[in-house]
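The lines below spell out each chain.
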Amino acid sequence: MRLALRLSIFVAAILLTMSAFGGARHFTYLYEAPTSVPGSLELENWITWQRGTNPARFDQVDFRHELEIGITDHLQASIYLADWFYENDPSRSGFTYSDSAIELIYNLTNPVIDPVGLSVYGEISGGRQHFELESKLIAQKNLGQLILDYNITLEAEWEEQGLQKHQGELQQALGASYELSPRISVGLEFLHEFVFPDWGDEEKIRNVFAGPNVAFRRGNWFVTVTVLAQATDTPNEADFMVRTIFGFGF
Amino acid sequence: MKKISMLSVVVACLSACQLTDYVPPVDPQMAAATRGRHVDVATLREGRRLLVHRCIECHTLPPVWHYALEDWPNIVNSMSHRASLKPVERDAIVAYILALRSQR
């Protein structure tokens, strides 16, 4: 009890000293080059619903809870408190905890005044039967009210009992977002994935997803929604995905 | 040929956007435009730096002529807490915008 009280006072003290908004997202499948303002603390909740029908119908809803912290004008850190999901397919149904993660983003150049805004991203996640390393290069250019964004991501993943199953993934994502007003923006997102089971490319797994997004922000909160449909026909991949990120600053 | 034409149109549109420089670097003429408010070049440079780092966290930068000169202090002030701006930083951003606005 005393430990819980001390922990609560510690967390409250941190929240009181960090009272700004980290920033709003224009995309949900892409990261943007600018990092959170120093001293800001923001909670972002991710919900992603996927439905697939090839070869059998399945539904999966993923949840992420991200605590985003602005450290300096160029560095931000995030703690993913818990990644968990609900799945429903012919063989099983129920909730499962997946992993927790930490992430760092370092901003190199600015998307407004430099030719291209660049940031580098690193994430480590681990769970009971899951370990993953992810690195990303984020490139962004702001052209007036238009934001062009590109991410290239390399992932290495180990899963299942004893982390015996492993695979790599290379992903590139392209997004465009136009601000209709300072509060509302609309855009498009594209994903192109190369999956390498057991670090091999014999199966030639390529996935392409594309779809629109909309973002709304007001005061110290924002919500961004993207709907993506699969343009390829890969078995066991979602036909469509809907991702919502709702964030608010303390 | 059709693809090349479309690509040319896209490049032209993007170039047009790029040519609209909403946050030009600070120059002596800009500092001179603040006469009566006595703002130095260093403050204007800091205002520009903060504008392009803090404000784009939530939104793109609007052209300064979108809003009246007298509206800008209240606009920046209304978002200064969210952007974690100290009063001196907020004033530097306002000074840069007003100097830029005075030139237009």
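Parameters and conventions
- Residues numbered from 1 in each chain as written.
- Chains lettered and ligands numbered in written order.
- Predicted model: local features only at pLDDT ≥ 70, side-chain atom pairs only at ≥ 80, totals over all residues.
- Heavy atoms only, no water.
- Core = buried A, V, L, I, M, F, W, Y, C linked by side-chain atoms within 4.5 Å.
- Buried < 20%, exposed > 50% of the residue type's maximum accessible area, 1.4 Å probe, protein only.
- Helix = DSSP H or I, 4+ residues; strand = E, 2+ residues; numbered from the N terminus.
- Pairing = 2+ DSSP bridges.
- Axes fitted to C-alpha atoms, helices over the stretch in contact; angles between N-to-C directions.
- Parallel < 35°, antiparallel > 145°, perpendicular 65-115°, else oblique.
- Left-handed = near helix turned anticlockwise from the far one by under 90°.
- Contact = heavy atoms within 4.5 Å.
- Buried area = accessible area lost by both parts, 1.4 Å probe.
- Salt bridge = Lys/Arg side-chain N within 4 Å of Asp/Glu carboxyl O.
- Polar contact = N/O pair within 3.5 Å; in protein donor to acceptor, adjacent residues only side chain to side chain.

Caption draft 1: Structural context of the nonpolar core. In this structure, Leu44(B), Leu51(B), Leu61(B), Ile93(B), Tyr96(B) and Ile97(B) are the most contacted members of the largest nonpolar core, which totals 27 residues. For this core, the elements supplying multiple residues, two or more each, are helix H2 (28-32), helix H3 (41-54), helix H4 (72-80) and helix H5 (87-103) of chain B. The element best represented in this core is H5(B), accounting for eight residues. Judged by nonpolar contacts, the second largest core, of 11 residues, contains Tyr31(A), Trp46(A), Ala101(A) and Ile245(A).

Caption draft 2: The sheet that holds strand S5 (residues 117-127) of chain A, seen in detail. Residues and elements named next belong to chain A. Here 12 strands make up a closed barrel; going around it, the order is S1-S2-S3-S4-S5-S6-S7-S8-S9-S10-S11-S12 and the pairing antiparallel. Taking each pair of neighbouring strands and ignoring which way they run, the sheet shows an average axis angle of 20 degrees. Both strand S10 (residues 205-218) and strand S11 (residues 221-230) contribute to a ladder of eight bridges, which runs antiparallel. Bridge pairing in S11 links valine 214 to valine 225.

Caption draft 3: Region of interest: the packing of H4(B) against H5(B). Residue and element names in this part refer to chain B. It is the contact of H4 with H5, at a shortest axis distance of 10 Å, that shows an interaxial angle of 150 degrees. Taken as axis vectors, H4 and H5 run roughly antiparallel relative to one another. By crossing handedness, the relation of H4 to H5 is classed as right-handed. For the pair H4 and H5, the contacting residues are Trp72, Pro73, Val76, Asn77 and Ser80 in the first and Arg90, Ile93, Val94, Ile97, Leu98 and Arg101 in the second.

Caption draft 4: Structural context of the interface of chain A and chain B. At the interface, 31 residues of chain A touch 23 residues of chain B. When residues of chain A are sorted by the area they lose upon contact with chain B, Asp73(A), Ile113(A) and Leu143(A) head the list and together hold 21% of the total. Seen at the junction of chain A and chain B, the total is two salt bridges. For Asp73(A), the salt bridge is made with Arg54(B), and the minimal N-O distance between the two is 3.0 Å. On the surface where chain A and chain B come into contact, there are 11 residue pairs in polar contact (both at pLDDT 80 or more).

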